[in-house]
Amino acid sequence: MSHTLRLHDFLPISHANGPGNRTVVWLQGCSLGCPGCFNQDTHSVDGGDVVAVDDLFTRITSLSDSIEGVTISGGEPLQQFIPIVALLHRIKKETSLSVLVFSGFTWNEIQKMEIAHRNRHAENLLNSPLPYIDILIAGRYDPTKRVAHDLYGSANQTVHFLTDRYTLADLACLPETEVVISLDGDVIVSGIDPIEF
Ligand code: SF4
């Protein structure tokens with residue numbers, strides 16, 4: 001079965017969205033409504049572009065020689081649950097790229113989501129993203145607890161190292177903001193502290 005994702009933006013190489021050189025995929029659509037969200041353009045479920053998961057996978061793997069991993073952000077990636085799990089499954093099974101995911105859902109909410117999917121689709125391989133993720137940053141952004149470093153937007157968020165590929169030390173030396181200007185003049189400001197830019 002071919003899956004599609006609603007994509008907000010794609011950055012081939014970033015240094016501020018996880019360890020090493022990483023491709024960043026921002027997904028479109030988020031209903032969580034965190035006050036002070038920097039990425040409000042990603043909220044509408046009608047925005048962005050619809051892309052085939054297989055095409056997005058090919059676009060990512062064409063960069064494999066230049067990156068060590070992929071960062072999935074949003075928007076809320078897990079509100080496109082089945083197709084994002086399909087993409088992560090392919091990345092994990094068919095490449096050596098690492099996977100970092102930012103989700104506004106808490107760890108407990110993600111666990112419940114997983115159980116619900118497993119109950120509904122017992123035989124479906126795509127009922128959990130967790131086996132395919134190296135680092136998960138979980139939880140809503142709370143501007144009253146803003147910290148904006150080491151990939152934490154706010155202190156209530158939690159970081160989960162789901163494999164032994166990385167440790168907290170790998171997050172400690174990352175630039176907090178990055179500005180990328182493409183050859184056609186597009187500007188992407190990203191990182192954990194874009195508000196300060
Ligand atoms: S989950 Fe992320 S994209 Fe959604 S409102 Fe919160 S900070 Fe913004």
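To be clear, the structure that these remarks concern was listed above.
Presented here is an overview of the structure given in this document.

## Some details on the side chain of Ser103
In step 1: Residue position: Ser103 is located in strand E5 (residues 98–103).
In step 2: Look at Ser103 and you get buried, because its relative accessible area is 5%.
In step 3: Of the polar contacts made by the side chain of Ser103, one reaches the side chain of Glu76; its length is 3.0 Å.
In step 4: If sequence neighbours within four positions are ignored, Ser103 has contacts with Glu76, Leu78, Ile110, Leu136, Ile137, Ala138 and Gly139.

## Things to note about the nonpolar core
In step 1: Ranked by size, the top nonpolar core spans 36 residues in total, and within it Val25, Ile60, Ile72, Ile84 and Leu87 carry the most contacts.
In step 2: Secondary-structure elements contributing two or more residues to this core are strand E1 (4–14), strand E2 (22–27), helix H1 (53–61), strand E4 (69–73), helix H2 (81–94), E5, helix H3 (107–120) and strand E6 (135–138).
In step 3: It is H2 that provides the largest number of residues to this core, a total of seven residues.
In step 4: When neighbours within four sequence positions are excluded, Leu87 is seen to be in contact with Leu5, Val53, Leu56, Phe57, Ile60 and Ile72.
In step 5: Listed in part, the 11 residues of the second largest apolar core include Ile135, Ile137, Tyr152 and Leu174.

## Regarding the pattern of salt bridges
In step 1: Tallying each qualifying case throughout the model produces six salt bridges.
In step 2: Its salt-bridge partner being Lys92, residue Asp134 comes within 2.7 Å of it at the nearest N-O pair. Residue Asp134 is located in the loop between H3 and E6, and its partner Lys92 is located in helix H2; the two are separated by 42 residues in the primary sequence.
In step 3: Through salt bridges with shared partners, a single ionic network connects Asp54, Arg90 and Glu94.

## Some words on the site of the ligand
In step 1: Around the ligand lies a shell formed by Cys30, Leu32, Gly33, Cys34, Cys37, His43, Gly75, Gly104 and Tyr141.
In step 2: Within the shell around the ligand, the residues separate by chemical class into five nonpolar, four polar and no charged.

## As for the packing of aromatic side chains
Remark: the centre distance and the inter-plane angle together describe each pair of aromatic rings, the angle taken between the planes.
In step 1: If you walk through the whole model with that rule in mind, you get zero aromatic pairs.
In step 2: Residue placement shows Arg59 over the ring face of Phe10; its charged tip is 3.9 Å from the ring centre.

## Comments concerning a nonpolar patch on the surface
In step 1: Residues Val179, Ile181 and Val187 make up a contiguous nonpolar surface patch of roughly 270 Å² in combined accessible area.
In step 2: As for its placement among the helices and strands, Val179 is situated in strand E10 (residues 178–181).

## A word on the environment of Ser31
In step 1: Relative to the elements of secondary structure, Ser31 occurs in the loop between E2 and strand E3 (49–52).
In step 2: Residue classification places Ser31 among the exposed residues on the basis of a relative accessible area of 58%.
In step 3: Reaching out from Ser31, the side chain makes a polar contact with the side chain of Gln79 at a distance of 2.7 Å.

## Some points on H2
In step 1: For H2, built from 14 residues, the straight-helix expectation of 20 Å at 1.5 Å per residue is met to within 8% by its first-to-last C-alpha distance of 20 Å.
In step 2: Among the residues making up H2, those that are buried are Phe81, Pro83, Ile84, Val85, Ala86, Leu87, Leu88, His89 and Ile91.
In step 3: Where H2 is buried, its residues touch E1, E2, H1, E4, E5 and H3.

## Description of unusual backbone geometry
Excluding glycine, residues mostly have negative phi values, and the peptide bonds linking residues are mostly trans.
In step 1: Between Gly74 and the following residue, Gly75, the backbone shows a cis peptide bond with an omega angle of 5 degrees.
In step 2: Backbone geometry places Ala148, a non-glycine residue, at a positive phi of 55 degrees.
In step 3: In this structure, Asp150 is a non-glycine residue whose phi angle is positive, near 50 degrees.
In step 4: With respect to the element layout, Asp150 can be found in the loop between strand E7 (146–149) and strand E8 (152–154).
In step 5: For Asp150, a relative accessible area of 27% puts it in the partly exposed group.

Cut-off values and rules
- Positions within a chain are numbered from 1, following the residues in the order the chain's sequence is written.
- In keeping with the model being predicted, local features are shown solely for residues with a pLDDT of at least 70 and side-chain atom pairs are shown and tallied solely at 80 or more, while totals for entire chains, interfaces and linings include all residues.
- Where side-chain values are given, they derive from all heavy atoms of the structure, hydrogens and water being excluded.
- Strands here mean DSSP runs of E at least two residues long; helices mean DSSP runs of H or I at least four residues long; both are numbered from the N terminus.
- In this scheme, a residue with accessible area under 20% of its type's maximum is buried, one over 50% is exposed, and one in between is partly exposed, where area comes from a 1.4 Å probe on protein chains only.
- In protein, a polar contact means a hydrogen-donor-capable atom and an acceptor-capable atom, both N or O and within 3.5 Å, with residues adjacent in sequence counting only if both atoms are side-chain atoms; elsewhere, any N or O pair within 3.5 Å suffices.
- Note on definitions: a residue-residue contact is assigned when non-hydrogen atoms from the two residues lie within 4.5 Å.
- For the purposes of this section, nonpolar cores are sets of buried Ala, Val, Leu, Ile, Met, Phe, Trp, Tyr and Cys residues that join through side-chain atoms within 4.5 Å.
- Any carboxyl oxygen of Asp or Glu within 4 Å of a side-chain nitrogen of Lys or Arg constitutes a salt bridge here.
- Proximity is defined per residue: if any heavy atom of the residue lies within 4 Å of a molecule or strand, that residue is considered near it.
- Under the grouping applied here, Gly and all other residues not named as nonpolar or charged are polar, the nonpolar ones being Ala, Val, Leu, Ile, Met, Phe, Trp, Tyr, Cys and Pro and the charged ones Asp, Glu, Lys and Arg.
- The aromatic pairing rule takes the rings of Phe, Tyr and Trp, using the six-membered ring of Trp, and pairs them if the centres are within 6.5 Å, calling planes under 30 degrees apart stacked, those over 60 edge-to-face and the rest tilted.
- Only lysine NZ and arginine CZ atoms are considered, and such an atom sits over a ring when it is within 6 Å of the ring centre and within 35 degrees of the ring normal.
- Only residues whose relative accessible area exceeds 30% and that take part in no salt bridge are eligible for patches, with like-charged residues grouped when within 9 Å of each other and nonpolar side chains (Val, Leu, Ile, Met, Phe, Trp, Tyr) grouped when within 5 Å.
- All accessible-area figures derive from a Shrake-Rupley calculation using a 1.4 Å probe, and residue coverage is judged against the displayed protein chains alone.
- Expected span of a helix: the number of residues minus one, times 1.5 Å.

Function-wise, these values are silent; they only describe arrangement.
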